[in-house]
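What follows is the residue order along each chain.
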Amino acid sequence: MKLSQVPGPIGVFDSGYGGLTILHGIRQLLPEYDYLYLGDNARAPYGPRSFEVVYEFTRQAVLRLFEMGCHLVILGCNTASAKALRTIQQVDLPKWDPDRRVLGVIRPTAEVIGELTKSRHIGVLATEGTIKSESYNLEIQKLHPDIQVSGVPCPFWVPLVEYNEADSPGADYFVKKCIDQAMHQDPLIDTLILGCTHYPLLMPKILKYLPAGVRVVPQGEYVAESLKAYLQRHPQMEQHCSKGGTAHYLTTENPEKFKDQALIFLHEPVEVDKITLV
Ligand code: DGL
């Protein structure tokens, strides 16, 4: 495959809107780079989908971002990071172009968790797919074998955000239910990872039901720190990331709908183009 060698934007992929919270964190820390965001909104959510399907959809998206000039793509989606990242890194990248890179959001979160928990008992709140994949447990066990991990699927949290119900009284029930479940599963938990891109938007409710002494970890800033360190360690990749401070947005659904929803996540208007993934 012949991909362009000219510097290009950093790609950020998500099943839909959630990766915008990751992009927001990255742009806060690394505003000088260009970014190309792709949301596969037409096929979201990925959370309940099988491994094979999430891999195939993610593979199509990453390849498209490479074809559009990206050298580095961040899977801003936990479900895609859990179910597709490893196979893309090991099987697809060597065939496409061994110099391109794809990074996920689970490893950076697993790396910092060792410094955050004192009790060495943590909870992971995420989609059903991410919890079932056990990716957080595996990554955390590799880095911090003494940490006990309890996963809780929160299937209603993504729709609450997507339907703009995050601040509604109805959201209280579902937020409280999952936090209670995590604490019931392991009362020694002192740190809860928000292992899904949408969950930071439920933060006011999460803080309301979080037991005293338990801290909550959103991912955006850790993924950004990890990307910064990665670019410092890999100057050749850094030189292939163009620096114009821009962000462009692509969706596989209706761009007008994306613009409206993006406001919930970014609090600023964006320009969006539609593409089709096959
Ligand atoms: N972006 C997904 C994640 O972080 C949540 C939405 C979905 O299920 O597609 O897991």
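Relevant structure appears above.
Since the structure is predicted, the reported quantities are computational estimates derived from the model, not experimental observations. (Residues numbered from 1 in each chain as written. Predicted model: local features only at pLDDT ≥ 70, side-chain atom pairs only at ≥ 80, totals over all residues. Heavy atoms only, no water.)

**Some points on empty space enclosed by the protein**
If you walk through the whole model with that rule in mind, you get 1 cavity of 30 Å³ or more. Approximately 30 Å³ is the volume found for the largest cavity. Together, Val124, Thr130, Ile131, Glu134, Tyr136, Asn137 and Gly151 line the largest cavity. Those elements giving two or more residues to the lining of the largest cavity turn out to be helix H6 (128–133) and helix H7 (135–143). (1 Å grid on protein atoms, 1.4 Å probe; cavity = no way out; pocket = protein on both sides within 12 Å on 5 of 7 lines; lining within 4 Å. Points joined across faces, edges and corners; volume = space filled by probe spheres on them. Helix = DSSP H or I, 4+ residues; strand = E, 2+ residues; numbered from the N terminus.)

**Looking at helix H5 (residues 106–116)**
With 8 of its 11 residues buried, H5 lies for the most part within the structure. All buried positions along H5 are accounted for by Ile106, Pro108, Thr109, Ala110, Val112, Ile113, Gly114 and Leu116. (Buried < 20%, exposed > 50% of the residue type's maximum accessible area, 1.4 Å probe, protein only.)

**Comments concerning the sheet that holds strand S7 (residues 191–194)**
Taken in spatial order, the 4 strands make up an open sheet running S6-S5-S7-S8, and their pairing is parallel. Sheet topology places strand S6 (148–153) and strand S8 (215–217) at the edges, where each strand pairs with a single neighbour. Taking the axes of each pair of neighbouring strands and ignoring which way they run, one obtains an average angle of 25° across the sheet. As paired strands, strand S5 (residues 121–126) and S6 are joined by 6 bridges and run parallel to one another. From the neighbouring strand, isoleucine 122 faces S6, where its bridge partner is valine 149. (Pairing = 2+ DSSP bridges. Axes fitted to C-alpha atoms, helices over the stretch in contact; angles between N-to-C directions.)

**Details of unusual backbone geometry**
Cis peptide bonds are those with omega within 30 degrees of zero, and the linkage from alanine 44 to proline 45 qualifies with 0°. Mapped onto the fold, proline 45 is located in the loop between strand S2 (35–39) and helix H2 (51–67). Not every positive phi belongs to a glycine, and arginine 120 is a case in point at roughly 65°. Checked against the element boundaries, arginine 120 lands in the loop between H5 and S5. Residue classification places arginine 120 among the partly exposed residues on the basis of a relative accessible area of 22%. A positive phi angle is found at histidine 267, which is not glycine, with a value near 60°.

**Regarding the environment of glycine 244**
Relative to the assigned elements, glycine 244 resides in the loop between helix H12 (235–239) and strand S9 (247–251). Contact partners of glycine 244, with chain neighbours within four places excluded, come to Glu32, Tyr33 and Asp34. (Contact = heavy atoms within 4.5 Å.)

**Thoughts on the pattern of salt bridges**
In total, this model carries 16 salt bridges according to the counting rule given. Close ionic contact of arginine 59 with aspartate 92 constitutes a salt bridge, the shortest N to O distance being 3.2 Å. Placement of arginine 59 in helix H2 and of aspartate 92 in helix H4 (residues 85–96) is noted, with a sequence separation of 33 residues between them. Two residues, arginine 120 and aspartate 146, come together in a salt bridge whose shortest N-O distance is 2.7 Å. Placement of the pair is arginine 120 in the loop between H5 and S5 and aspartate 146 in the loop between H7 and S6, with a sequence separation of 26 residues. (Salt bridge = Lys/Arg side-chain N within 4 Å of Asp/Glu carboxyl O.)

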